[in-house]
Amino acid sequence: EGAQEMATSSAAEKFGALTSKELSGGHRKKVHSVAWNCTGKRLASGSVDQTARIWSVEALTKEVELKGHNASVDQVCWDPTNQDVLATVSADKTVKVWDARSGKCTNTIDTSGENINLCWSPDGKALAVGNKV
């Protein structure tokens with residue numbers, strides 16, 4: 001019981017001190033997903049507006065807009081081993097892998113259903129995708 005109380009107290013202290021900052025120049029419609037890259041210097045967001053965006057956390061500015069999906073971008077996920085590789089899934093039945101430096105799509109994978117989530121394996125060698133078939 002004592003350890004649990006300490007963990008709860010520590011979490012309350014940590015999250016009680018949080019502040020929020022708004023990133024301007026954002027999506028035109030609601031955001032479905034956000035994710036930090038492995039260095040914590042970039043944040044990606046995916047939206048109903050059919051785009052993903054990459055943000056510089058330090059400068060609080062948009063670095064690049066990723067266009068290529070034909071439906072909402074429902075989840076974004078960074079490669080855990082490469083700070084410049086991002087994957088997105090969409091209701092358009094595709095998974096796209098992006099080079100965050102150039103903003104270019106490096107790979108498109110067609111799937112059998114409307115994709116709703118994804119995650120990288122810890123070693124960055126595989127992607128798992130959940131969809132509605």
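These numbers were taken from a predicted model, which means no experiment stands behind them.

Looking along a regular strand, one sees the side chains alternate between the two faces of the sheet. Sheet topology places strand E1 (residues 31–36) next to strand E2 (residues 42–47); five bridges connect them, and they run antiparallel. Paired with Ser33 across the bridge in E2 is Gly46.

What follows deals with the sheet that holds strand E7 (residues 94–99). By definition, the strands of a sheet pair up through backbone hydrogen bonds, in either a parallel or an antiparallel sense. Spatially, the four strands line up as an open sheet ordered E5-E6-E7-E8, and their pairing is antiparallel. A strand with exactly one partner marks an edge of an open sheet, and here the two such strands are strand E5 (73–78) and strand E8 (104–110). Going from strand to strand, the sheet's axes swing by 20° on average, the running direction of each strand aside.

Further remarks concern the nonpolar core. Counting twelve residues, the largest nonpolar core consists of Ala35, Ala44, Ala52, Ile54, Val64, Leu66, Val73, Val76, Trp78, Leu86, Trp98 and Ala100. The set of elements that each furnish at least two residues to this core consists of strand E3 (51–56), strand E4 (61–67) and E5. The element contributing the most residues to this core is E5, with three residues. Not counting residues within four places of it along the chain, the set of residues in contact with Leu66 comprises Gln50, Thr51, Ala52, Ile54, Leu86, Trp98 and Gly103.

Quick look at the pattern of salt bridges now. In total, this model carries seven salt bridges according to the counting rule given. Residues Arg42 and Asp84 are paired through a salt bridge, measuring 2.7 Å at the closest nitrogen-oxygen approach. Of this pair, Arg42 sits in strand E2 while Asp84 is found in the loop between E5 and strand E6 (85–90), placing the two residues 42 residues apart along the sequence. Taking relative accessible area as the criterion, Arg42 reaches 14% and is therefore assigned buried. Overall, the relative accessible area of 13% leaves Asp84 in the buried class. Here Glu114 ties to Lys132 by a salt bridge, and the two come within 3.7 Å at their closest N and O atoms. You can see Glu114 sitting in strand E9 (residues 114–120) and its partner Lys132 sitting in strand E10 (residues 127–132), a full 18 residues away along the chain. The exposure class of Glu114 is partly exposed, given its relative accessible area of 29%. Under the relative-accessibility criterion, Lys132 is labelled partly exposed at 48%. In this structure, a network of salt bridges that share partners links the residues Arg42, Asp84, Asp99 and Arg101.

The subject of this paragraph is the side chain of Ser72. Looking at the element boundaries, Ser72 is found in the loop between E4 and E5. By relative accessible area, Ser72 is classed as buried at 15%. At 3.0 Å, the side chain of Ser72 forms a polar contact with the side chain of Asp74.

Counting buried positions over the six residues of E3 gives six, a clear majority of the element. Bridge analysis of E2 against E3 gives five bridges, and the strand direction is antiparallel. By the bridge assignment for E3, Ser45 is matched with Arg53. Where E2 hands over to E3, the hairpin turn is made up of three residues, of which Gln50 adopts a positive phi near 75°.

What counts, and where the lines are drawn
- Residues numbered from 1 in each chain as written.
- Predicted model: local features only at pLDDT ≥ 70, side-chain atom pairs only at ≥ 80, totals over all residues.
- Heavy atoms only, no water.
- Pairing = 2+ DSSP bridges.
- Helix = DSSP H or I, 4+ residues; strand = E, 2+ residues; numbered from the N terminus.
- Axes fitted to C-alpha atoms, helices over the stretch in contact; angles between N-to-C directions.
- Core = buried A, V, L, I, M, F, W, Y, C linked by side-chain atoms within 4.5 Å.
- Buried < 20%, exposed > 50% of the residue type's maximum accessible area, 1.4 Å probe, protein only.
- Contact = heavy atoms within 4.5 Å.
- Salt bridge = Lys/Arg side-chain N within 4 Å of Asp/Glu carboxyl O.
- Polar contact = N/O pair within 3.5 Å; in protein donor to acceptor, adjacent residues only side chain to side chain.

Purely spatial values, then, with no claim about function.
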